[in-house]
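Each chain, letter by letter, is given below.
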Amino acid sequence: VEVEDMAETDSGTRAAVRLNNFSRMLYQAGQWARAAEVGARGVEITRAVADAQALSVLIRGNTARALGEIGRHEEARSLVEQAMALATERNDLRAAGFAALYGAPSWCAAGDLRRCGALVAQAGANLAKALPPGHVMHGAVALAEAQWRATEGNADLAQAALVRAEQAARVNRAAVNL
């Protein structure tokens, strides 16, 4: 039985959670198109369920990430804007940070480097407040900054961001191995 089939028998939030989790697994397996498709089904469910606002932010961010990987940047940017608006409305720094992080590459790909950089900065600021030191996502923010800096042609700042990403990875490995 496929996860999508199980989600069909669930209702509301539970179905959206299953689809979000399956979408994330597909993303990590490199099946970005399928991840985007499954995530879109979850987004539709969250639109219809009043108590799914927290999940709605997450699934929009995760789906936007997958859409960006397959070059559907306009759709990704739309979902990121929705996710960030919902997160801001809920005063959820963590969710807004993840949405900004996952969406920034779609603005870089569109050539809007100012917005890309602003999203990377917002992701870094929000996640610094919402996550503990040593969390692996601090390294992900540094990698996003390196991508943005490289796209704008600033090799020195891209290299510095890569160094910070490596430092974050070392801190995370040390924390995991305690």
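Above this note sits the structure.
In this convention, every chain numbers its residues from 1, walking through the sequence in written order. Per-residue local features of the predicted model are confined to residues with pLDDT of at least 70, and side-chain atom pairs are confined, for both listing and counting, to 80 or more; whole-chain, interface and lining totals are unaffected and use all residues. Excluded from the side-chain calculation are hydrogens and water; included are all heavy atoms of the structure.

1. Description of helix H2 (residues 12–28)
Note on conventions: DSSP H or I runs of at least 4 residues are helices, E runs of at least 2 residues are strands, and numbering of each starts at the N terminus. Expected helix span is computed as 1.5 Å times (number of residues minus one). Under the 1.5 Å per step criterion, the end-to-end length of H2 is 25 Å for 17 residues, consistent within 8% with the ideal 24 Å. Backbone geometry just after H2 places glycine 30 at a positive phi near 85°.

2. Here we look at the environment of leucine 67
Along the polypeptide, leucine 67 turns up in helix H4 (residues 53–69). Burial classes follow relative accessibility: with a 1.4 Å probe on protein chains only, a residue under 20% of its type's maximum area counts as buried, one over 50% as exposed, and anything between as partly exposed. We classify leucine 67 as buried; its relative accessible area is 5%. Residues leucine 67 and leucine 79 lie twelve residues apart in sequence; the distance between their C-alpha atoms is 9.5 Å. Filtering out sequence-adjacent residues up to four positions away, leucine 67 remains in contact with Ala36, Arg72, Glu75, Ala76 and Leu79. For this analysis, residues touch if any pair of their heavy atoms sits within 4.5 Å.

3. Some remarks on the nonpolar core
Among buried residues, the Ala, Val, Leu, Ile, Met, Phe, Trp, Tyr and Cys ones that are joined through side-chain atoms within 4.5 Å form a nonpolar core. Grouped together as the largest cluster of nonpolar side chains are 40 residues, with contacts concentrated most on Leu101, Leu127 and Met137. Breaking this core down by element, the ones donating at least two residues are H2, helix H3 (32–48), H4, helix H5 (73–89), helix H6 (93–109), helix H7 (113–130) and helix H8 (136–151). Leave out the neighbours within four places in its chain, and leucine 127 touches Arg94, Gly97, Phe98, Leu101, Met137, His138 and Val141.

4. Notes on the state of the cysteines
Any two cysteine sulfur atoms lying within 2.5 Å of each other are counted as a disulfide. One pass over the structure, following the stated rule, counts one disulfide. With a sulfur-sulfur separation of 2.0 Å, cysteine 108 is cross-linked through a disulfide to cysteine 116. Note on the cysteine 108 and cysteine 116 pair: the S-S dihedral is about -70°, so by sign convention the disulfide is left-handed. Exposure remark for cysteine 116: the relative accessible area of 1% places this residue in the buried category.

5. Details of the pattern of salt bridges
Salt bridge, as used here, is a side-chain nitrogen of Lys or Arg placed within 4 Å of a carboxyl oxygen of Asp or Glu. On inspection of all chains with the given rule, the structure shows seven salt bridges. Its salt-bridge partner being arginine 149, residue glutamate 152 comes within 2.7 Å of it at the nearest N-O pair. For glutamate 166, the salt bridge goes to arginine 170, with nearest N and O atoms at 3.5 Å. Residue glutamate 166 and its partner arginine 170 are both found in helix H9 (residues 155–176); the two are separated by four residues, about one turn of the helix. On the basis of relative accessibility, which here comes to 48%, the residue arginine 170 falls in the partly exposed class. Overlapping salt bridges bring together Glu145, Arg149, Glu152 and Arg164 as one network.

6. Re the packing of H6 against H7
Angles run from 0 to 180 degrees between N-to-C directions of axes, and those axes are lines fitted to C-alpha atoms, restricted for helices to the stretch in contact. At their nearest, the axes of H6 and H7 sit 8 Å apart, and the two run at 155° to each other. Taken together, H6 and H7 sit at an angle that is classed as roughly antiparallel. The crossing of H6 and H7 is left-handed. Facing H6, whose interface residues are Leu93, Arg94, Ala96, Gly97, Phe98, Ala100, Leu101, Gly103, Ala104, Trp107 and Cys108, H7 presents Leu113, Arg115, Cys116, Leu119, Val120, Gln122, Ala123, Asn126, Leu127, Lys129 and Ala130. Polar here means any residue outside two lists: the nonpolar Ala, Val, Leu, Ile, Met, Phe, Trp, Tyr, Cys and Pro, and the charged Asp, Glu, Lys and Arg; Gly therefore counts as polar. Class assignment of the residues belonging to the contact of H6 with H7 gives a composition of 15 nonpolar, four polar and three charged. Small angles under 35 degrees read as roughly parallel and large ones over 145 as roughly antiparallel, with 65 to 115 read as roughly perpendicular and the rest as oblique. Crossings are assigned a handedness: left-handed for a near helix turned anticlockwise from the far helix by less than a right angle, right-handed for a clockwise turn.

7. A word on empty space enclosed by the protein
Each cavity reported here is a set of points on a 1 Å grid over the protein atoms alone in which a 1.4 Å probe fits but cannot get out, each pocket an open set with protein on both sides within 12 Å along at least five of seven lines, and each lining residue one with an atom within 4 Å of a point. Grid points are joined across faces, edges and corners, and a volume is the space filled by probe spheres set on the points. A full pass over the atoms with the stated rule returns one cavity of 30 Å³ or more. What the largest cavity holds in volume is close to 60 Å³. Lining the largest cavity we find Ser23, Arg24, Tyr27, Gln28, Ala35, Asn62, Arg65 and Ala66. Of all elements in the fold, only H2 and H4 reach the threshold of two or more residues within the lining of the largest cavity. Among the elements that take part in the lining of the largest cavity, H2 stands out by supplying four residues, more than any other.

8. Digging into the layout of surface pockets
Of the pockets and cavities examined, the largest pocket occupies roughly 580 Å³. Residue lining of the largest pocket: 28 residues in total, with Arg65, Phe98, Leu101, Tyr102 and Met137 positioned closest to the centre. Within the residue set of the lining of the largest pocket, elements represented by two or more residues are H2, H4, H5, H6 and H8. Grouping the constituent residues of the lining of the largest pocket by class yields 15 nonpolar, nine polar and four charged.

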